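Architecture at a glance
Spelled out, the chains give:
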Amino acid sequence: MDWGMKNRLSRLMPNGKCFFMPIDHGYFQGPTRGLEKPGETIKPLLPYVDAIFCTRGVLRSAIDPISSKPIVLRVSGCTSMVGKDLANEELTTSIEEIIRLNAAAVGLSVFIGSDYEKETLKNLATLVNACEGYGIPVMAITAVGREMDKREARYLALSCRIAAELGAKVVKTYWCEEHFDKVVNSCPVPVIMAGGPKCETELEVLEFVHDGIKKGAVGINLGRNVWQSPHPVAMAKALRAIVHDNLSVKQAHEIFKKTKENKPT
Ligand code: 5RP
């Protein structure tokens, strides 16, 4: 692996672990609760996350270019919640633009098993071809569209493996209750967990993240369960402690409770 690729990956994953903060939701669902002003949402969370995941639109309009926080640029899109099929995505951003914006990595969704499986996998291959020459890692996202019931190990393992085979340097997928270790172990590149819709309780989030890390995921890309929480900073601190400091669910929950109550942790 060349120096540039290694350097970007190590900035994104210090000690091989990562906490990415996605604020890209508007790219297909428009205004999103908690992201009305993405720059303000993200500001207090920055000390706890390793990278921000966003589109070029939000990057240019809401993120201070003086910031040294690595950016994972969302480079697929062109569909919407109200359109015919969320899976019908295209690549949105040229390699020149990716370099101009100094992205540390790029991310795109692949919709395996959908009517647009081939097109979205072709997007991945095309993006890898464009990015490899410049040492820019590609994160493939095994998206499920509206079909949340696809979040089971067999489907996720298949999707992650295919994405890695096509050249993704990291794969983002959903955690699942059963056999998540098989998803991770059958994928030759690091696996990062996505969040999904907001859970009922903070404890539930800490539990699934802890389980996924224990089973081999290198980190998380969790948005709504952090910034839609009434206590986003407390959530970010607790999650960071699980991902980077190997804390137990109980210890992380203590951090959450103390931070929420403004007590020292
Ligand atoms: C959608 C994405 C988003 O970045 C991701 O799902 C957002 O995170 P969360 O679900 O935790 O709000 O890639 O495909």
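Definitions and cut-offs
- Residue positions are given per chain, counting from 1 as you read along its sequence in written order.
- A pLDDT threshold of at least 70 governs which residues receive local features in this predicted model, and a stricter bar of 80 or more applies before side-chain atom pairs are shown or counted, although totals over entire chains, interfaces and linings include all residues.
- Whether a residue is near a molecule or strand depends on its C-beta atom, placed from the backbone, lying within 6 Å of it.
- All amino acids are sorted into three groups, where Ala, Val, Leu, Ile, Met, Phe, Trp, Tyr, Cys and Pro are nonpolar, Asp, Glu, Lys and Arg are charged, and the leftover types, Gly among them, are polar.
- Lines fitted to C-alpha atoms define the axes here, with helix axes fitted over just the stretch in contact, and angles between the N-to-C directions of these axes take values from 0 to 180 degrees.
- The helix count covers DSSP runs of H or I at least four residues long, the strand count covers runs of E at least two residues long, and both are numbered beginning at the N terminus.
- For this classification, under 35 degrees means roughly parallel, over 145 means roughly antiparallel, 65 to 115 means roughly perpendicular, and everything else is oblique.
- Each crossing gets its hand from how the near helix is turned against the far one by less than a right angle, where anticlockwise is left-handed and clockwise is right-handed.
- Each residue is represented by a C-beta atom placed from its backbone, and any two residues with such atoms within 7 Å are regarded as in contact.
- Neighbour density around each residue's C-beta defines its exposure: 20 or more other C-beta atoms within 10 Å make it buried, 12 or fewer make it exposed, and counts between make it partly exposed, where C-beta atoms are placed from the backbone.

**Let's talk about the site of the ligand**
- Taken together, 14 residues sit near the ligand, with Pro22, Gly195, Leu222, Gly223 and Arg224 positioned nearest.
- Considered class by class, the residues forming the shell around the ligand number six nonpolar, six polar and two charged.

**Brief notes about the packing of helix H11 (residues 232-245) against helix H12 (residues 249-260)**
- Closest axis-to-axis distance for the H11/H12 pair is 8 Å, and the angle between their directions is 155 degrees. When the axis of H11 is compared with that of H12, the two are roughly antiparallel. Crossing hand, H11 versus H12: right-handed. Touching Val233, Ala234, Met235, Lys237, Ala238, Ala241 and Ile242 of H11 are Gln251, Ala252, His253, Ile255, Phe256, Thr259 and Lys260, all from H12.
- Looking at the contact of H11 with H12, its residues break down into nine nonpolar, three polar and two charged.

**With respect to the environment of Lys69**
- Relative to the helices and strands, Lys69 resides in the loop between helix H4 (56-62) and strand S3 (71-74).
- Since 16 C-beta atoms lie within 10 Å of it, Lys69 is described here as partly exposed.
- Distance in space between the C-alpha atoms of Lys69 and Arg11 is 9.0 Å, their sequence separation being 58 residues.
- Sequence-distant contacts of Lys69, defined by excluding residues within four places in its chain, comprise Leu46, Ala51 and Ile52.

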